[in-house]
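As a plain string of letters, each chain reads:
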Amino acid sequence: MGLIVRDITATGFGSYGPRPQRLTLGGRGPVAIVGENGAGKSTIVSKALTWCLFGKTAPDRMGGGTKVLRGDAVIGDGCSAAEVTVRLTDDDTATEYTITRSKSRKKGGALTMGRTDPSGAHDMDPSQEAIEGLIGADYDTFTRTVVRGQGDVWAFAEATDAKKREVLDAISGAAALDDAHKRATVARKAAAARHTDLTRRVADMDRRGNDHRTRAAAMESQHATWEAERETRIKRAKADVVTATAALVTATAADAGRATLQAQHDTLKASTPTLDLTPYRDAMSAADDDMRAATRTLDAAEADLARLEALAPGEACPTCGQTIAADAPIADNHNAARDAVAAAQQPHVAIHRAACWEAQHTAEAWLADEQRKHRDALLALPRLGSEREPVARLSLDAAQKRLTTTEAADNPFTVAWTEATRQHRNLLREVVMLRVMATEANRDLAKAEAWESALHPRGARAHMASAALGAVERGACEWLTVLSDNRMAVEFPEDTERERIGTVVTMDGGERDLLSYSGGERRRVNMAVDLGVSSAFARGGLALSLLVMDEEVFSGMDEAGKAAVVHALHGAGVADVVVVDHDPRLSAVLPRCVEVVRGSDGYSEIREVDNA
């Protein structure tokens with residue numbers, strides 16, 4: 001029968017006090033949990049069991065919604081902590097599992113797990129994942145299949161199309177595909193964006209590749225042109241060297257004749273006529289001095305004579321007025337002055353000066369004439385130019401350097417051409433890689449679109465929902481056979497185009513609308529369909545063989561009907577069927593009965609009732 005709940009022990013939980021209370025199940029057949037309203041019937045089964053396994057209680061209907069208890073809310077009044085222990089057994093492997101969850105007002109919560117098998121006791125990693133893996137259900141599945149809370153029914157038969165599909169998605173597991181579908185949509189958008197980006201980049205790379213190819217071709221053409229012109233430049237440079245070499249030979253030969261001409265120039269320059277004019281100039285200077293001295297003497301004598309001119313014989317004496325006689329003493333002074341003037345007149349001095357001047361002039365004229373003749377002789381020689389060999393050699397050196405430079409010159413377009421070619425090749429490689437990536441992105445996009453389509457509600461999920469609907473329909477008909485004494489059946493026709501799911505009930509061979517049935521009949525149909533939903537959930541991997549049915553599940557049914565349903569459930573292979581009902585008459589029709597009452601301390605107590 002799978003995994004069986006051995007017992008549930010609650011301490012300080014809800015209405016249960018500090019003294020542990022234990023409900024024993026263990027596959028001993030259907031059991032009724034009876035008691036007054038508020039005694040704690042649902043607390044020990046639905047809430048305590050669910051809280052121990054999942055950390056929150058089964059939902060209670062509150063108006064139009066539901067409410068669960070968690071945190072300190074599960075701790076009973078007057079208690080410092082709550083603790084629930086659930087023991088599970090697997091008879092097939094002789095293994096017992098113990099799960100204990102506690103919550104302290106001060107220290108927080110704790111979860112422990114253990115396993116006992118034929119080899120001994122073992123600790124287990126206490127985690128929610130471990131619990132869900134053990135019982136084969138998460139919280140939502142557990143509270144919809146194992147624990148049927150107060151008023152917590154599916155009402156699948158009367159649900160809307162959207163609600164039916166929601167339930168079918170949960171049964172088939174397609175609901176778990178919501179996140180997968182969202183991820184597939186995100187992946188599809190990402191793949192589309194990547195494909196678009198890569199396509200754009202490929203186009204951009206193609207454009208850049210064309211630009212680089214054009215540039216490389218232009219660089220190659222310039223490179224080839226330069227190489228073709230290199231030979232012309234080298235030939236021109238070699239011709240310049242040959243010309244400069246010939247010019248050097250000519251200049252060297254010319255410079256050899258220049259040495260002879262230079263010697264002639266030097267010899268002629270060395271024989272330049274010269275004359276020492278100093279004696280002539282000195283004689284002329286002395287004659288000038290003598291001439292000036294004689295002139296001064298004559299001037300003084302003539303001045304004296306002029307002063308004594310009035311004392312000449314025959315003149316009146318300026319003092320006494322007498323005529324001066326020729327023999328007068330004063331006349332002697334005049335005569336003496338006249339003799340002095342005659343003596344001062346020295347014509348030889350003038351003649352000497354003239355002779356000196358003539359000698360100097362003749363000498364200077366001779367020198368000038370001789371120097372003119374010498375200049376004419378120099379001018380008659382060929383002109384002595386500068387040396388041609390050094391200039392020619394410099395010219396030859398420059399021509400040789402130009403030739404060497406031209407021969408060794410690197411093509412200035414080689415680097416640009418090489419770089420353009422390298423870039424073009426790199427771009428070609430990138431384009432190839434991008435094309436491969438774009439092809440892969442296209443495949444990824446196709447896969448993502450296929451996954452998104454498959455995970456879409458109208459894709460694989462629709463087929464999964466149809467399979468789940470068939471399981472619900474089969475389970476509902478099986479339970480209707482039990483609940484209606486083989487008089488009723490139900491089917492759910494699908495309209496895939498309009499996404500509609502109908503509900504058709506057949507009774508005694510005739511089809512009728514569900515709303516046309518009486519309240520009790522509709523209740524039986526709804527219960528059968530909801531049990532069919534639960535059985536479909538159970539087929540999804542639920543390992544726990546337990547069904548808890550709270551009192552409102554049987555609303556509208558008498559005790560005999562309730563007992564028939566419970567026995568049918570047990571006979572269908574459910575190890576423990578627990579029915580929670582406040583009507584004590586239920587205990588008379590079930591093999592076991594447990595009563596829950598409030599003790600004198602106000603806390604709930606569990607008592608086994610003997611139906612014998």
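Throughout what follows, the structure given in this document is the object of discussion.

Cut-off values and rules
- Residues numbered from 1 in each chain as written.
- Predicted model: local features only at pLDDT ≥ 70, side-chain atom pairs only at ≥ 80, totals over all residues.
- Heavy atoms only, no water.
- Salt bridge = Lys/Arg side-chain N within 4 Å of Asp/Glu carboxyl O.
- Helix = DSSP H or I, 4+ residues; strand = E, 2+ residues; numbered from the N terminus.
- Phe/Tyr/Trp six-rings, centres within 6.5 Å; stacked < 30°, edge-to-face > 60°.
- Buried < 20%, exposed > 50% of the residue type's maximum accessible area, 1.4 Å probe, protein only.
- Lys NZ or Arg CZ within 6 Å of the ring centre and 35° of its normal.
- Patch = residues over 30% accessible without salt bridge, like charges linked within 9 Å, V, L, I, M, F, W, Y side chains within 5 Å.
- Areas by Shrake-Rupley, 256 points an atom, 1.4 Å probe, with all protein chains shown as cover.

It is worth spelling out the pattern of salt bridges at this point. All chains considered together, the criterion is met by 27 salt bridges. Across the pair Arg-6 and Asp-91 runs a salt bridge whose closest N-O atoms are separated by 3.9 Å. Remark: Asp-91 occurs in the loop between β6 (81–90) and β7 (95–104) and Arg-6 occurs in strand β1 (residues 3–11); sequence separation between them is 85 residues. Within this structure, Asp-369, Glu-370, Arg-372, Lys-373 and Asp-376 form a network of salt bridges that share partners.

Let's shift gears to the packing of aromatic side chains. With the rule as written, the count across this model stands at 4 aromatic pairs. The interplanar angle of 85° and the centroid separation of 5.4 Å between the aromatic rings of Phe-156 and Phe-492 together place this pair among those described as edge-to-face. One end of the pair, Phe-156, is in the loop between β10 (147–148) and α4 (161–172); the other, Phe-492, is in the loop between β11 (488–491) and β12 (494–495), and 336 residues separate them in sequence. Taking the relative accessible area as the measure of exposure, Phe-492 reaches 4% and is therefore buried. An aromatic cluster of three or more residues is present, and its members are Phe-54, Tyr-139 and Phe-142. A cation over an aromatic ring shows up here: Arg-512 above the ring of Tyr-517, its NZ or CZ 4.1 Å from the ring centre.

So, about a nonpolar patch on the surface. Together, Leu-275, Tyr-280 and Trp-366 make up a nonpolar patch on the protein surface, roughly 260 Å² of accessible area in all. By secondary structure assignment, the location of Trp-366 is in helix α8 (residues 347–380). With a relative accessible area of 42%, Trp-366 lands in the partly exposed category.

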